[in-house]
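# Commentary on secondary and tertiary structure
So you can see what is in the structure, the chains are spelled out below.
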Amino acid sequence: MANVTITIDGQKITVPNNISILEAAKKLDIKIPALCYDPNLEVVAACRLCVVEIEGSKKLETSCSTRVRDGMVIHTESDSVVKTRKDILQLLLDSHPNDCLTCQKAGECYLQKYAYEYGMKFRDHNGAMRPQLLDTSSPYILKDNAKCILCGKCVRTCAQVSDRMVLSFSERGYDTKIIADFDQTLEESSCVSCNRCVAVCPVGALVDKRAMGKIRVWDGSSKVINCKSCQYGCEFEIKSKGNANVAVVAKPPANGRPLCLKGRLTTELLYVDKPEAPYRKINGQFIKTNWMKMLGIEDILEKIDRINAEKENEVKE
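Thresholds applied
- Position labels on residues start from 1 in each chain and follow its written sequence.
- Note on the predicted model: pLDDT of at least 70 is required for a residue's local features to be given, and 80 or more for side-chain atom pairs to be given and counted; whole-chain, interface and lining totals, by contrast, use all residues.
- Only hydrogens and water are removed before side-chain values are computed, so all heavy atoms of the structure are retained for them.
- Any carboxyl oxygen of Asp or Glu within 4 Å of a side-chain nitrogen of Lys or Arg constitutes a salt bridge here.
- To qualify as a helix, a DSSP run of H or I must reach at least 4 residues; to qualify as a strand, a run of E must reach at least 2; elements of each kind are numbered from the N terminus.
- Whether a residue is buried, partly exposed or exposed follows from its accessible area with a 1.4 Å probe, protein chains only, as a fraction of its type maximum: under 20%, in between, or over 50%, in that order.
- Two strands qualify as a pair provided that DSSP identifies no fewer than 2 bridges between them.

## Some remarks on the pattern of salt bridges
As enumerated under the stated definition, the model contains 12 salt bridges in all. In this structure, Glu276 and Lys214 form a salt bridge, with 2.6 Å as the shortest nitrogen-oxygen distance. A residue pair is termed long-range when its members are at least 10 positions apart, and Glu276 in the loop between helix 6 (261-271) and strand 14 (279-282) and Lys214 in the loop between strand 10 (206-208) and strand 11 (221-226) qualify at 62 residues. The class of Glu276 is partly exposed, set by a relative accessible area of 34%. Looking at Lys214, the relative accessible area reads 23%, which means it is partly exposed.

## So, the sheet that holds strand 7 (residues 141-144)
Overall, antiparallel pairing links the three strands, which are arranged 6-7-10 in an open sheet. Edge positions in the sheet fall to strand 6 (134-135) and strand 10, since each has one partner strand and no second. The sheet contact formed by strand 7 and strand 10 spans three bridges and is antiparallel. When the sheet's bridge partners are listed, Leu142 is paired in strand 10 with Val207.

## Here's the deal with unusual backbone geometry
One non-glycine residue, Arg48, lies in positive phi territory at about 65 degrees. Here Arg48 shows up in the loop between helix 1 (21-27) and strand 3 (51-54). Arg48 sits in the partly exposed class, given a relative accessible area of 40%. Positive phi outside glycine occurs at Met165, with the angle close to 50 degrees. By the element assignment, Met165 lies in the loop between helix 4 (153-159) and strand 8 (167-170). By relative accessible area, Met165 is classed as partly exposed at 48%.

Shown next as structure tokens:
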């Protein structure tokens, strides 16, 4: 693998020639804003927020999809770059509900973060806004298309698991939206509530419903643990407020870890002080159930009881 030397914001660095400008900038601790980029997902350069100026190029280039070339001189905060980012952020805010004060994602939302950094605000206008398409059918996931920025991260992460592939884009232009299967609710669809989509969503379009109203990022503390339900060891955050563990939230999947509902609920039962009742999806409907049925341990416990009873009878004989 060959190396190339480039200059980013006046700093020279030698890097492998197969990485992107965005990855090279990270090595210099230069943070380029991005809404659709994820190192674990296919690069699509959809949000355009990560544009940079390359000397000699006639247009701005997306840093997530542009590979480094020897001798490149790159500017990540030039006047034209900053203006373009501000324009993109303003258009996103113009289509976004102004409810940051009550949104569960406040403090963790990337749109909120970048709007603050670039001084962009909501404004009154007479133009179109994304329709209020709220899906509350799932007890595990809240899907709010009005807040969706169409980054596609949910679609790409769902597609990484071959037997899922539930989410996709639908319609065109300003009517584009994310749908489950054939534009069904999450309850009706084949969604298995693994929460991969929730874990990668950069805004409040997909939210963990079991954590809603219990804690926000500044309210308490969290620690990362590995799920022990199977060999994958998916990562979860235990959210704590005061002396109580109040919620379990899935971390973004990485290194082939799939995430699953059973593992998340097992972790919740083990760590959360007052876990809510679980739900099973049966014939396209969520039905409240007990923990033994949900985790598939009812038959195991019955067999253990039977074995113990047989041993007791043997001792008596």
